Amino acid sequence: AQRNAHQPEFIQAVSEVVASIWPFIERHPRYLQHGLLERLVEPERLIQFRVSWVDDRGQVRVNRGYRIQHSSAIGPFKGGMRFHPSVDLSVLKFLAFEQTFKNALTTLPMGGGKGGSDFDPKGKSEGEVMRFCQALMLELYRHLGANTDVPAGDIGVGGREVSYMAGMMKKLTNSAECVFTGKGLSFGGSLIRPEATGYGLLYFVEATLAHRGQSLAGMTVSVSGSGNVAQYAIEKAMALGARVITASDSGGTVYDPDGFTPDKLARLMELKNEQRKRVADYAHELGLEFFTGRTPWHLPTQVALPCATQNELDAEDAAALIAGGVLLVAEGANMPSSAAAIQAFHQARVLFAPGKAANAGGVATSGLEMSQNAQRLGWSREEVDARLKGIMTSIHATCVRYGQDEEGHVNYESGANIAGFVKVADAMLAQGVC
Ligand code: NDP
């Protein structure tokens, strides 16, 4: 902790993982040998660089670019790029650390990484976003490769930004090998990749409820966020018969007691993705209640799906959700629940599905995009969706295997952490001290 004193999110993520796997490590002391834990919490490589670009007024702007190559123990570094003013080393190190375990859970051969910039895409013109992406690639390109490091999207980085970066990569390297996933369909992208994290989250939710003999049909669901993950989580939850009553952004939460419909979701997607407008505009247009500056967690619900950002659900929110009768909290975002909130869910025996298991569908489908690119083939929508569902069901089974107690209660957090840890740790031990 001393070495990383100014990195609270990184310390939070490491502490949560180590605390939850500690009883397992004590039973298997071989994992205490060869400096394994010390090596596992130290990224293999950190890259930080200047990104200089010119805005529409001709002014030179300077941002910071980063890539954290956390672990290549089981495959090339893999993890998204995030563009948001809150991006710093702590946030990216926590994300790369988490990504390492998540990728291990998918069963695909992918190591863990993460990157991004403190660039804020909000309010930037199309040309500014493109020039920024290109300027960032002028440095990042030399650290990437199909067998080295393969980034993707994350907050503030969707298909548009990935495509600009992939285009510049191709130009600089004179090679069309797969170094980004989440690309456009016409140049190597995979069907279902845009939907994958949200759909995968709901496949995991379905598996969790089915394990208890329940189903999502007729249940009330709250979603936070209104970006990529939230939009497709809402779509799949509706398709499975749930009533989705909320969506949000950093401006606040829209509350729709009747629930989303496909038409309402289409309008939200148009406003957010094409017109780059806010959830408040959506609420205003549809005459729905809007809670300015608030998250959805004060509203009673059965299933809570935090899909916005880290630490968006604290102990007070957890208490409100528990009082409102929540059965299941499944994380679409990375580390949206604070440590105190997670503890409260465990104490109240609310099912808690951590992001590294529940939102692994995105990176799993990125892995499938890499396979398709390597084969120079494109699979059908049905094939990719079926594989995604298969992977989420298998991650669920793995969590049950490692996380179920004698009374049959499943601690998905320990299950996911232990399963991810065992895979990465065994690979590191086999490869010797390096
Ligand atoms: P998007 O940029 O598409 O959407 C992010 C959403 O979260 C927006 O609604 C945004 O609102 C909101 N948000 C971001 N920061 C804050 C904040 N500080 N306070 C409140 N709201 C905020 O990102 P994604 O949907 O891709 O990612 C959402 C989460 O899911 C992240 O944690 C990401 O790491 C995780 N994830 C994403 C995957 C993917 O495939 N995309 C895969 C696995 C995990 P606003 O517009 O106001 O900023």
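Calculation rules
Residues numbered from 1 in each chain as written. Predicted model: local features only at pLDDT ≥ 70, side-chain atom pairs only at ≥ 80, totals over all residues. Heavy atoms only, no water. Helix = DSSP H or I, 4+ residues; strand = E, 2+ residues; numbered from the N terminus. Rg over C-alpha atoms; globule rule 2.2 N^0.38 Å. Buried < 20%, exposed > 50% of the residue type's maximum accessible area, 1.4 Å probe, protein only. Lys, Arg positive; Asp, Glu negative; His and termini not counted. Charge placed at Lys NZ, Arg CZ, Asp CG, Glu CD. Pairing = 2+ DSSP bridges. Axes fitted to C-alpha atoms, helices over the stretch in contact; angles between N-to-C directions. Contact = heavy atoms within 4.5 Å. Near = heavy atom within 4 Å. Polar contact = N/O pair within 3.5 Å; in protein donor to acceptor, adjacent residues only side chain to side chain. Areas by Shrake-Rupley, 256 points an atom, 1.4 Å probe, with all protein chains shown as cover.

So, about the overall build of the protein. Of the regular secondary structure elements, the protein holds 15 helices and 13 strands. Against the compact-globule benchmark of 22 Å for 434 residues, the protein has a radius of gyration of 21 Å, which places it among compact chains. For the protein, the proportion of its 434 residues judged to be buried stands at 56%. Within the protein, the 45 negative side-chain charges are centred at a point lying 6 Å from the centre of the 42 positive side-chain charges.

Pairing is parallel across the open sheet formed by 5 strands, whose spatial order is 7-6-11-12-13. Of all strands in the sheet, those bounded by a partner on one side alone are strand 7 (243-244) and strand 13 (351-353). In this sheet, strand 13 lies alongside strand 12 (residues 328-330) in parallel orientation, the contact comprising 3 bridges. When the sheet's bridge partners are listed, A330 is paired in strand 13 with A353.

Before going further, it helps to examine the sheet that holds strand 9 (residues 252-255). Strand order in the open sheet formed by 3 strands is 8-9-10, and the pairing between neighbours is antiparallel. Two strands lie at the open edges of the sheet, namely strand 8 (246-249) and strand 10 (289-292), each paired on one side alone. Between one strand axis and the next, the sheet turns through 20° on average, direction left out of account. Looking at chain direction, strand 9 and strand 10 are connected through 4 bridges and run antiparallel. Bridge assignment links T253 to a residue of strand 10, and that residue is F291. Where helix 9 (residues 279-286) meets the sheet, its contacts fall on strand 8, strand 9 and strand 10, and the angle it forms with strand 9 comes to roughly 30°.

The subject of this paragraph is the site of the ligand. The environment of the ligand is formed by 26 residues, the closest being D154, T197, S250, R278 and N334. Here an oxygen atom of the ligand and a backbone polar atom of S226 are 2.9 Å apart. At 3.5 Å, a backbone N or O of G332 approaches an oxygen atom of the ligand. If the ligand stood free it would expose 880 Å²; the protein chains cover 83% of that surface.

All quantities given are derived from atomic positions and should not be read as evidence of function.
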